[in-house]
Amino acid sequence: MDMTPPRFGSRSARHAKWGAALLLLVTLALLAVDLSTSYRQLETEAGRQASGLSQLLAERLSSGIHEAGLILQSSNQIPEIQRLLRSGTLEPGARQNLTQKLLQLLQLAPYLSRVEIVDTACQTVFSSKLDGTPRPHHNEFCRWLHRIDPKESNYTTVIHSPTDGGIVLANKLYDGEGNLIGMATGLIKHNFIQDEVSRLTVGEHGEILVLDQRQLTVTRWPQTNGNDPQSYRPLQPREILSHDPGQMLFDAPSSFDGRERLYSMRQTGNYPFQVAVGLSRRDFTRYVWDKAWLAIPGWLFLSALTLLALRKHLSNLHQHQQLLQGNERIRASEEQARLILDTAPLALLLVNPQTIRIRHANSPAREMLGLPPRDPEQAADNELNLPLKLQPVEQWLREGEDALQQEVELELEDKSRLWAIASLRRLGHDSQPSALIALYDISGRKLLEQQLHESNQQLAEMAVTDPLTRLYNRRHADMVLRDEISRCERYGQTMAIAVFDIDHFKRFNDQYGHQAGDDVLVAVANALRDTTRNTDINARIGGEEFMVIFPYTRLRDAQKVMSRLQIALTHTTFPFVEQRITFSGGVTDWRPGDNPALMMSRADKLLYDAKQSGRNVVLSDQEEA
């Protein structure tokens, strides 16, 4: 006979329903919070990735434009150009020689597609293109050419044209007496950035733009074909996420396909251009959607178990005469739960939390933990009764802890390890307590994260290292020199620098080939590492030109180091050449009031004097005095 009061049974049933509803709402809220947190983390990581890519591209573009400007500046040293601008004409042989020299200059600057020589009347008198078709110049070039300002020896602007557009560089040309005789112009085609970004990863739907000062597009990756008027519309930020003097991070629709992207825009050095790297949210939020599709079945499974437990609790409140019928429904519901457990795509375990033994495991769990496969002839309710050897899940069970969507590194019985998203929930049952354990293997994702971290470290090293000699590059050396001068000014310490280049290196290249020249550069770099201290900064700042920064070093000590380097190179032999490798250089130290430009200027002058004095000499300020 059922002695449970009706009012108590009704109140208990109502509390059980509210508790089940609250449990499902709490788990759903936790799932939503987890997905929202993952989304914000991915958005932050995408912002850092876009910022890093925009900085790398801005530095590469600035370096390319700077190299192209140096090529145009060197054209002032070509005698045929001087004669052409003074007399207006050239003999056929001289024009052929001039064409060959300009083509050689273009080979040194892959960005440049054309070099033109323009006289003071703003008329093109010579072009590196074989067809020789003159190209009209902007009025702003003509006004700039006749502007009397000795500091403005070069000029940069943009031509927006789908066929012949790009970045135009100009450099004033002077005769031997310092009179203006014309200018040299060069064109960097609008598709120049395609080779630079082919090695970068911006996602399947990413976008890279180079913009001018009016925010108009100069070039885009991926490249668009045809005359698209949208190509020259400015980028309109919809929401600015961060803004500082170096870059701006914002959301904006693309001017080309209208897709919403996360852009990082950065200034390109001192040039009137900006690089914008856009990452599509469709790419970097894909993991959140995948995680949501995986979490929803788990929540539905938990909901099914909660409803089944509620149903079981309500059945216990029935009258005594319905006990057998209630027990039958409980057995049916348990069978249904086992069926759901076996067909779920996750690795699921039912464990007795008191004995820490496995009662039931579905096929993914058996495969993950190396358990024996299920025998088809056994009954569905037959328990495994195997000990659970899985850390830290075993420790959670012993300490009575629960876990929800927690990333952990699991240690299996054979001491092997794997990463998984683990959830542990205790199922209340007085007669037979159970704990549900859900495991999702994420070892593959962890491996990809490690590979991404290693790739980011490699990109950071490439940004400051010369790829041939593995010494520091010019950009890093300039930054270190600026910091060392600041330290000297603050603490009054000593510091010296040395600038040197290999003697007759061009003749060496022409005689033995560029591969032999590269071997010489690597040998000089190795000798430089062996001769200097670990605290000294060794950098390759040009083709065959090197620089050494000696912190906390007096001038005479730096001179001794360079002498040791000369001796080391004297004893270095190459099996394929007969001549010895020598170099000429200049050594100077820091003086109060110095800046990087002054120190480099003194060192370059000493290098020039060493060349004039016969080469294979390292001069210092002390010797010159």
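The rules behind the values
- Residues numbered from 1 in each chain as written.
- Predicted model: local features only at pLDDT ≥ 70, side-chain atom pairs only at ≥ 80, totals over all residues.
- Heavy atoms only, no water.
- Helix = DSSP H or I, 4+ residues; strand = E, 2+ residues; numbered from the N terminus.
- Buried < 20%, exposed > 50% of the residue type's maximum accessible area, 1.4 Å probe, protein only.
- Polar contact = N/O pair within 3.5 Å; in protein donor to acceptor, adjacent residues only side chain to side chain.
- Phe/Tyr/Trp six-rings, centres within 6.5 Å; stacked < 30°, edge-to-face > 60°.
- Lys NZ or Arg CZ within 6 Å of the ring centre and 35° of its normal.
- Pairing = 2+ DSSP bridges.
- Axes fitted to C-alpha atoms, helices over the stretch in contact; angles between N-to-C directions.
- Contact = heavy atoms within 4.5 Å.
- Salt bridge = Lys/Arg side-chain N within 4 Å of Asp/Glu carboxyl O.
- Parallel < 35°, antiparallel > 145°, perpendicular 65-115°, else oblique.
- Nonpolar A, V, L, I, M, F, W, Y, C, P; charged D, E, K, R; others polar.
- Disulfide = S-S within 2.5 Å.
- pLDDT = per-residue confidence, 0-100.

Looking now at the environment of D414. As for its position among the elements, D414 is in the loop between β15 (403–411) and β16 (417–427). For D414, a relative accessible area of 56% puts it in the exposed group. On a C-alpha basis, the gap between D414 and G370 in space is 9.2 Å, while along the polypeptide they are 44 residues apart. Of the polar contacts made by the side chain of D414, one reaches the side chain of S416; its length is 2.6 Å.

Moving on, we get to the packing of aromatic side chains. Under the counting rule described, the total for this entry stands at 5 aromatic pairs. Here the aromatic cluster, defined as three or more aromatic residues joined through ring pairs, consists of F500, F546 and F583. Residue placement shows K172 over the ring face of W144; its charged tip is 5.1 Å from the ring centre.

Within strand β5 (residues 180–189), 8 of the 10 residues are buried, which leaves it mostly tucked inside the rest of the structure. Bridge count for strand β1 (residues 112–119) against β5 is 7 bridges, and the pairing is antiparallel. Note that in β5 the partner of I117 across the bridge is A184. By the bridge criterion, 9 bridges tie strand β4 (residues 166–174) to β5 in an arrangement that is antiparallel. Bridge assignment links G166 to a residue of β5, and that residue is K189. In this antiparallel pair of consecutive strands, β4 and β5, the connection spans 5 residues, and G178 shows a positive phi of 85°.

In spatial order, the strands read β19-β20-β18-β21-β22; together these 5 strands make up an open sheet with mixed pairing. Each having just a single partner strand, β19 (537–540) and β22 (618–620) make up the two edges of the open sheet. Each adjacent strand pair in this sheet contributes to an overall mean axis angle of 15°, direction not counted. Pairing of strand β18 (residues 495–502) with strand β21 (residues 583–589) involves 7 bridges; the strand directions are antiparallel. Residue pairing in the sheet places D501 in a bridge with S584 of β21. Its contacts with the sheet put helix α12 (residues 474–491) on β18, β19 and β20 (545–551), and the angle it makes with β20 is roughly 25°. The sheet strands contacting helix α14 (residues 514–531) are β18, β19 and β20, and the helix crosses β18 at an angle near 155°.

The next point concerns the side chain of D283. Mapped onto the elements of the fold, D283 is located in helix α6 (residues 281–284). A distance of 2.8 Å separates the side chain of D283 from the backbone nitrogen of H205, its partner in a polar contact. Apart from residues no more than four positions distant in its own chain, D283 is found in contact with V202, G203, E204, H205 and G206.

The next thing to look at is the pattern of salt bridges. Applying the stated rule across the entire model yields 28 salt bridges. Between E116 and R114 there is a salt bridge, with its nearest N and O atoms 3.6 Å apart. By relative accessible area, E116 is classed as buried at 0%. Its relative accessible area of 12% is what places R114 among the buried residues. The salt bridge partner of E260 is R238, with a shortest N-O separation of 3.0 Å. Of this pair, E260 sits in strand β10 (residues 260–267) while R238 is found in the loop between β7 (217–221) and β8 (239–243), placing the two residues 22 residues apart along the sequence. Each of D589, R591, D594, R602 and D621 takes part in one network of salt bridges that share partners.

Let us now look at the environment of R482. As for its position among the elements, R482 is in helix α12. Spatially, the C-alpha atoms of R482 and N595 are 7.4 Å apart, while their sequence positions differ by 113 residues.

Let us now look at the packing of α12 against helix α16 (residues 596–612). Running from amino to carboxyl end, α12 crosses α16 at an angle of 110°, the nearest separation of the two axes being 10 Å. The orientation of α12 relative to α16 falls into the category roughly perpendicular. The segment α12 lies against α16, with R474, L481, R482 and I485 engaging P596, M599 and M600. Grouping the amino acids of the contact of α12 with α16 by side-chain chemistry returns 5 nonpolar, no polar and 2 charged.

Following the criterion strictly, the structure yields 1 disulfide and no others. Sulfur-sulfur distance for the disulfide between C122 and C142 comes to 2.1 Å. On the sign convention where negative means left-handed, the S-S torsion of about -85° between C122 and C142 marks this disulfide as left-handed. Taken together, the residues C122 in the loop between β1 and β2 (124–127) and C142 in helix α4 (residues 139–145) connect sequence positions 20 residues apart. For C122, a relative accessible area of 12% translates into the label buried.

For the rest of this paragraph, the subject is the confidence of the model for the protein chain. Scored by pLDDT, the protein chain has a mean of 81; 85% of the residues are at 70 or more. Confidence scores differ between elements of the protein chain, with helix α17 (residues 621–624) showing the lowest mean pLDDT of 65 and β20 the highest of 96.

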